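Results of the structural survey
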Amino acid sequence: MKIKLFLVAFASALFMTACDAPKVDLSEVTIVYDASDDPLTALMAETLAGDIEMVSGLRPAVSTEPADGPVVVLGTAGGSSIVECPEDIAGKWETYCINTEKGRVEVVGSDPRGLAYGVFRISEAIGVNPWYWWSDVPVKADKSPLYGEDFVSDEPSVKYRGVFINDEDWGMKTWSERNFEKELGDIGPKTYDKVCELMLRLKANMLAPAMHTCTGAFYSHPESQVMADKWGIMITTSHCEPLLINNAAPTEWDTAVDGEWNYLTNGDRIVKKFDDRIRETAQYDNIYTTGMRGLHDEAMKGSEDPSVRARTLEKVFEVQRQILEKYKGMPADQIRQIFVPYKETLDIYDAGLVVPEDITLVWTDDNYGYMKRVPNEQERRRSGGNGVYYHLSYLGTPHDYLWMNTTAPMLMYEELKKAYDAGADRYWLLNVGDIKPMELGIQMFMDMAWDIDEFSYENANTYQAEWLSSLFGNKHKDSFQTILDEYYRLAWDRKPEYMGYEREWDPIPSNNELMDSDYSFEDGSAQERLASYKTISDKCEDIMRALPEDQATALFEMLGYSVKSAYQMNLKFLMAQRNHETGSREYADAAVAANDSIQTLIDEFHAIEDGKWDQMISEVPPGFCAKYQMMPELVSEPTERFKLPDFLTYTEFPDKIDIFSSEAKAPFRILEGMGTDWKVLQLGEPLDDARNPCNASSDRIDISFTPDALPEGSTEITLCISTVPMWPVYEGRSNSFGVSLDGCAPVICENIVKEWDEPWKMQVSENRKEYVVTFPIDASVREHTLSFHIGDPGQLIQKVTYR
């Protein structure tokens, strides 16, 4: 932004001092706009009037005629005759200009959404947070809200920005069906009206609607598209919904009537579905997923040969683009389209699939936060550009994480920044499950997409605590940082949903059963984990008790519920484990009490605002195969029946080398906010050219250490090097680095792994890949030097232990 203010969108004081401009009492204004302007301008006039009323108790008049006295004038470039477009925003994408003179605030948008973002800047400045409805963030009352600044925005960092409501079966669906929209009994226009308002307030511009079989397809309720259009929100769809067709919904594709979803054998029927949908929706401004997969999240039907599948998809592209041209009335290269190389379609892409140049390639993470691929040099030159599809929530193997937001902010920043720097700046879509309780992750993602330059390796980990303190008081900032650091660190080692240690859809049946953990009451790691959770749970409770009731409610929704529930889930399983080890009834009772507390917290959430969120929160996916929500079996005698198999445990030695003791100079960097000890050592910039890690004189960082526990006469030392399980940045690269001791030839560490295989499942379950390396050592020398050599830049070292 032209005025650089970190977190400016959340601190009213910063808004009011952004520049020296006269102040206008918004409770006294008339809001004026041109009746011939875009319909979104009229909606923004009424919305701003409503926001001012929430703050002051007085609703300003809204008029399409000139008004006496103080005014707020709204208009878009080329759409309004009562404003002039400043040169600073002319012809730009979604920008705005705010000018304040005595008694007059003027907001001009380069386009309708640009105007809306300018209006919501004013709303936030006077105390209306984007989450005022979705998280019950209290509006700051002020009978005479003063506003005045001169401000010009830059274009967003990412052109298309939005969320995907997914796996909604146990949250958004039940809440809409049984509570918020029970007259319809489904997620429909009333829900999407609220969702799209939130999107616009967060400076998003697109939405991928819920699409599971349990939910009526988005277009089965036509008014839902009308609601999105009303708020200026484009509809996009997931990787498996070509041309806005949700084939997971029986109303869209019924195999009993329509036959197999197979382009080679049933192409005419499929093409007719495409044709009908685009004909029905051509008047709307949407983003079209091209290509096709199988039904829902299944692989493409027909040949399993990727090269044969590639030729089929190329035919599909051709037909889809002809349909778009026919109904949109413009060349295909002027119509917004995406292709998502996700799961098997990445293999098809790598087999030589030719994707039309103007289609945006949307690269995905591996569903667990690690980017599978970012654009290479050739892909960066595509006219359609590149984008990202990222997960805060996922249902799949080895285990789902649908319950709460546990993706470390630094990991999200590091991976998305890598993608952005590689050219993925056209389209960012975030899988958010049911929206609640993912608020912190959503807010951060949207702010990065809007202005990624406001973020850095230095502030990404502190962003969420800063944001919370802007809402609930700066005096709590240090406590928020402590809570968030511990909450995310504990989940980094093991997410709350994974504490039953069961797998989902694992080919070994016994792996799908509840098991005891690899935390030990013998070495104290289990007690330490529970103590850490109790500390942050208590600290969160202390803050909520110190806040006014309405603020405490909002904090509970966005943070308190997740922290306290995560503690109880860990307590349930670890007390059950101790019961298995001892047969003690005391531990069994503690496990049952923790399980009861989880339900109590859900009930507390559902009772907020007289049941406003009833049916929204659940830790349980009963229709699928996760079992962590269940009560583990309790015993009256010690048993090893639930002991974790050795092949599911990790290697770690008792003594640790402090790899952060040496100063990290470029191209090395220490990142705080991820890793088992909550910081990692980054070996170079991820997109730099690869080096030869075998070369002892290559870029390296040297770490001095003095081993404490080597037996007398030792001639060798064995290291366990724990790394963050990154994927190679793109085809042709790897994820290698070298490690050496006391100047010896480097040993190459390289994580050659395939998605869905056993090593990968282990790695994403606990965010680590471990290498065990043995070096000769001269035990008569006290101090030694451990060196890490850059191979493929960007690798992250999180811990080194030895024996």
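Check the entry above for the structure.
Residues numbered from 1 in each chain as written. Predicted model: local features only at pLDDT ≥ 70, side-chain atom pairs only at ≥ 80, totals over all residues. Heavy atoms only, no water.

**Brief notes about the overall build of the protein chain**
Quick note on the threshold: Working definition: helices are DSSP H or I runs of at least four residues, strands are E runs of at least two. Numbering for both runs from the N terminus. The size measure is the radius of gyration over C-alpha atoms, and the globule rule it meets is 2.2 Å times the number of residues to the 0.38 power. Any residue under 20% of the maximum accessible area for its type is buried, any over 50% is exposed, and the rest in between are partly exposed; the area is computed with a 1.4 Å probe on protein chains only. Only heavy atoms matter for contacts: two residues are in contact if any of them lie within 4.5 Å across the pair. Note on areas: Shrake-Rupley with a 1.4 Å probe; residue coverage comes only from the protein chains shown. Just so you know, the count uses Lys and Arg for positive and Asp and Glu for negative, and it drops His and the chain ends. A charged residue contributes its charge at one atom only: NZ of Lys, CZ of Arg, CG of Asp or CD of Glu.
Within the protein chain, the regular secondary structure consists of 20 helices and 26 strands. Computed over the C-alpha atoms, the radius of gyration of the protein chain is 28 Å, within 12% of the 28 Å expected from 2.2 N^0.38 for a compact globule of 803 residues. Its C-alpha atoms give the protein chain principal-axis dimensions of about 90 × 65 × 60 Å. Scored against the burial criterion, the 803 residues of the protein chain give a buried share of 64%. Taking the contacts inside the protein chain whose residues are at least 6 apart along the sequence as the reference set, 76% of them involve residues at least 24 apart. When the accessible area of the protein chain is evaluated, it comes to approximately 29200 Å², of which 47% is carbon and sulfur surface. Distance between charge centroids for the protein chain: 1 Å, based on 77 positive and 135 negative side chains.

**Focus: the side chain of Lys 761**
This is how the line gets drawn: Any pair of nitrogen or oxygen atoms within 3.5 Å is treated as a polar contact; in protein, a donor-acceptor pairing is required on top of that, and neighbouring residues in sequence qualify only through side-chain atoms on both sides.
By the element assignment, Lys 761 lies in helix H20 (residues 758-766). Classification of Lys 761 by relative accessible area gives buried; the value is 5%. A polar atom in the side chain of Lys 761 sits 3.3 Å from the side chain of Asp 506. Those residues within four positions of Lys 761 in sequence are excluded, and the remaining contacts are Thr 397, Pro 398, Arg 503, Asp 506, Pro 507 and Trp 756.

**Looking at the packing of helix H15 (residues 477-493) against helix H16 (residues 525-546)**
Under the convention used in this document: For every element, the axis is a line fit to its C-alpha atoms; helices are fit only across the contacting stretch, and the angle between N-to-C directions ranges from 0 to 180 degrees. Each crossing gets its hand from how the near helix is turned against the far one by less than a right angle, where anticlockwise is left-handed and clockwise is right-handed. Side-chain classes are defined by residue name, with Ala, Val, Leu, Ile, Met, Phe, Trp, Tyr, Cys and Pro counting as nonpolar, Asp, Glu, Lys and Arg as charged, and the others, Gly among them, as polar.
Between H15 and H16, the least distance of the axes is 10 Å, while the angle of their chain directions is 145°. When the axes of H15 and H16 are compared, the crossing they make is left-handed. For the pair formed by H15 and H16, the contact residues are Ser 479, Phe 480, Thr 482, Ile 483, Glu 486, Tyr 487, Arg 489, Leu 490, Ala 491 and Asp 493 on the first element and Arg 529, Ser 532, Tyr 533, Ile 536, Lys 539, Cys 540 and Ile 543 on the second. The class makeup of the residues in the contact of H15 with H16 is nine nonpolar, three polar and five charged.

**Section: the sheet that holds strand S20 (residues 700-705)**
What counts here: For two strands to pair, DSSP has to find at least two bridges joining them.
In space, the four strands of this open sheet follow the order S20-S25-S22-S23, with antiparallel pairing throughout. Looking at which strands have only one partner, the edges of the open sheet turn out to be S20 and strand S23 (747-749). Between one strand axis and the next, the sheet turns through 25° on average, direction left out of account.

**Here we look at helix H18 (residues 585-606)**
Filter applied, for reference: Expected span of a helix, by definition, is 1.5 Å for each gap between consecutive residues, and there is one gap fewer than residues.
A rise of 1.5 Å per residue sets the reference length of H18, with its 22 residues, at 32 Å; its end C-alpha atoms lie 32 Å apart and thus fit the reference within 8%. Residues of H18 that are buried in the fold lie against helix H17 (549-582) and helix H19 (608-611).

**Description of the pattern of salt bridges**
Here is the rule we go by: One speaks of a salt bridge when a side-chain nitrogen belonging to Lys or Arg is within 4 Å of a carboxyl oxygen belonging to Asp or Glu.
This structure, assessed with the given rule, holds 57 salt bridges. Salt bridges sharing partners connect three or more residues here, namely Arg 494, Glu 652, Glu 766, Arg 768, Glu 770 and Lys 799.

**Description of a negative patch on the surface**
Heads up, the condition is: Patch members must show over 30% relative accessible area and no salt bridge, and they are joined within 9 Å when carrying like charges or within 5 Å when they are nonpolar side chains of Val, Leu, Ile, Met, Phe, Trp or Tyr.
Taken together, the side chains of Glu 549, Asp 550, Glu 609 and Asp 610 make up a negatively charged region of the molecular surface. If you list the elements that add at least two residues to the negative patch, you get H17 and H19. Of note, Glu 609 is situated in helix H19.

**Observations regarding the packing of aromatic side chains**
Convention followed: Ring geometry is summarised as follows: Phe, Tyr and Trp rings, the Trp one being its six-membered ring, pair when their centres sit within 6.5 Å, and such pairs are stacked at plane angles under 30 degrees, edge-to-face over 60 and tilted between the two. The criterion for a charge sitting over a ring is simple: Lys NZ or Arg CZ within 6 Å of the ring centre, and within 35 degrees of the ring normal.
Counted under the stated rule, the structure contains 37 aromatic pairs. Plain terms: the ring middles of Trp 93 and Tyr 160 are 5.8 Å apart, the flat faces sit at 85° to each other, and that makes the pair edge-to-face. Taken together, the residues Trp 93 in the loop between strand S4 (71-76) and strand S5 (96-101) and Tyr 160 in strand S9 (residues 160-165) connect sequence positions 67 residues apart. The pair formed by Trp 93 and Tyr 160 is uniform in burial state, with each residue classed as buried. Considering the side-chain rings of Tyr 368 and Trp 760, the 5.7 Å spacing of their centres and the 75° angle between planes classify their relative orientation as edge-to-face. Taken together, the residues span a long stretch of sequence, with Tyr 368 in the loop between strand S14 (360-364) and helix H11 (377-380) and Trp 760 in helix H20 at a distance of 392 residues. For the pair Tyr 368 and Trp 760, a shared accessibility class is recorded, and that class is buried. These aromatic residues form a ring-pair network of at least three members: Trp 133, Trp 134, Trp 175, Phe 180 and Trp 613. When the ring centre of Trp 727 is taken as origin, the NZ or CZ atom of Lys 372, which lies over that ring, is 4.8 Å away. A cation over a ring is seen here: Arg 768 above Tyr 650, with NZ or CZ 4.0 Å from the ring centre.

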